[in-house]
Amino acid sequence: MTVIRIAADMLLSEQELSAPAQSSVLRIKRAAQDMEELMEAFLLLARESDQGFTQEEVCVNDIVTEELERARLIAADKPIEVDSTAAGRLWVVGPDKVLASLIGNLLRNAFSYTDSGRVTVRLDPGQLVIEDSGIGISEQQVKQVFQPYFRASPQRRGGHGVGLTIVKRLSDRFGWPVEIASTPGQGTRVMVRFPAARWEAGANPPP
Ligand SMILES: Nc1ncnc2c1ncn2[C@@H]1O[C@H](COP(=O)(O)OP(=O)(O)OP(=O)(O)O)[C@@H](O)[C@H]1O
Ligand SMILES: [Mg+2]
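About the criteria used
Residues numbered from 1 in each chain as written. Chains lettered and ligands numbered in written order. Predicted model: local features only at pLDDT ≥ 70, side-chain atom pairs only at ≥ 80, totals over all residues. Heavy atoms only, no water. Salt bridge = Lys/Arg side-chain N within 4 Å of Asp/Glu carboxyl O. Helix = DSSP H or I, 4+ residues; strand = E, 2+ residues; numbered from the N terminus. Pairing = 2+ DSSP bridges. Axes fitted to C-alpha atoms, helices over the stretch in contact; angles between N-to-C directions. Contact = heavy atoms within 4.5 Å.

Engineer: I tried to follow the pattern of salt bridges on my own but got confused; where do I start?
Structural biologist: Side chains that differ in charge, positive against negative, can pair when their charged atoms come close. The final tally for this structure, using the stated rule, is 14 salt bridges. The salt bridge involving Arg 5 is made with Glu 36; its shortest N-O contact spans 2.7 Å. Of this pair, Arg 5 sits in helix 1 (residues 2-12) while Glu 36 is found in helix 2 (residues 19-46), placing the two residues 31 residues apart along the sequence. Ionic pairing is found between Asp 62 and Arg 89, a salt bridge with its closest N-O pair at 3.5 Å. Remark: Arg 89 occurs in strand 3 (residues 88-93) and Asp 62 occurs in helix 3 (residues 60-74); sequence separation between them is 27 residues.

Next comes the structure, spelled out in structure tokens:
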């Protein structure tokens, strides 16, 4: 997978690539990246025990900043405003890769299922809230989103319907409950709670 991604990078640096060829290579690169992440998440879930996982405090603010930057790239061509606020720093004990996979999947969804409008990310004591003003889903569909391969709008390109299945499994395993509320045509709100998190008020939050 890494070979594919690096080869795509090399192709992209070629000067005389036509525009359609360039966008094809970009798609290859993104697909390889997605696949790498998916494999990473499966490997995390496949571990029998939690031994080997770092039990260090991780700053959720830093992970949100990093994943937000990456998720925003998928929607670079869409008129979406991003609003991210944190009145302090949220510290959680757990593997940073697990947090990145969980938060990254939620952020990618917010951008994928919003054509225009706003994505709001807020860190509060003990919780992360991601809100979008996107297409939304019905109450009935909200009940099904954690099932493998479920997609409410299969005609939308790119998804496999496994992102939230991974989110749910990581959430159950690490004890970080995820709640989803959505209204068709208005948007979606996802809340992740971190019951044992430490909150450091006002300490140099990201912009
Ligand atoms: N923020 C959101 N707004 C509207 N619909 C959403 C949102 N997040 C998820 N969904 C719906 O739930 C479905 C399942 O989401 P999930 O992340 O599991 O899969 P996916 O995004 O289709 O594919 P992938 O496996 O690449 O993440 C989506 O296909 C979409 O219909
Ligand atoms: Mg998804």
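Engineer: What should I look at first to understand the sheet that holds strand 8 (residues 198-201) in this one?
Structural biologist: Each strand in a sheet pairs with another by means of backbone hydrogen bonds, the pair being arranged parallel or else antiparallel. Reading across the sheet, the 3 strands line up as 1-3-8 and stay open at both edges, with antiparallel pairing between neighbours. With one partner strand each, in any of the chains shown, strand 1 (57-59) and strand 8 form the two edges of the open sheet. Across the sheet, the axes of successive neighbouring strands diverge by a mean angle of 25°, strand direction being ignored. Looking at chain direction, strand 1 and strand 3 are connected through 3 bridges and run antiparallel. Each residue of the ladder has a partner; that of Val 58, found in strand 3, is Val 92.

Engineer: Just checking my understanding: could you explain the sheet that holds strand 7 (residues 187-193) for this structure?
Structural biologist: The 5 strands are arranged 2-4-5-7-6 in an open sheet whose pairing can be described as mixed. Because the sheet does not close on itself, it has two edges, and the strands there are strand 2 (80-86) and strand 6 (178-183). Going across the sheet, the axis of each strand differs from the next one's by a mean of 10°, ignoring polarity. Here 6 bridges tie strand 6 to strand 7, and the two strands are oriented antiparallel to one another. Within strand 7, the position partnered with Val 178 by the bridge is Val 192. Strand contacts of helix 4 (residues 96-112): strand 2, strand 4 (117-124), strand 5 (127-132) and strand 7, with the helix running at about 20° to strand 5, the strand carrying the most contacts.

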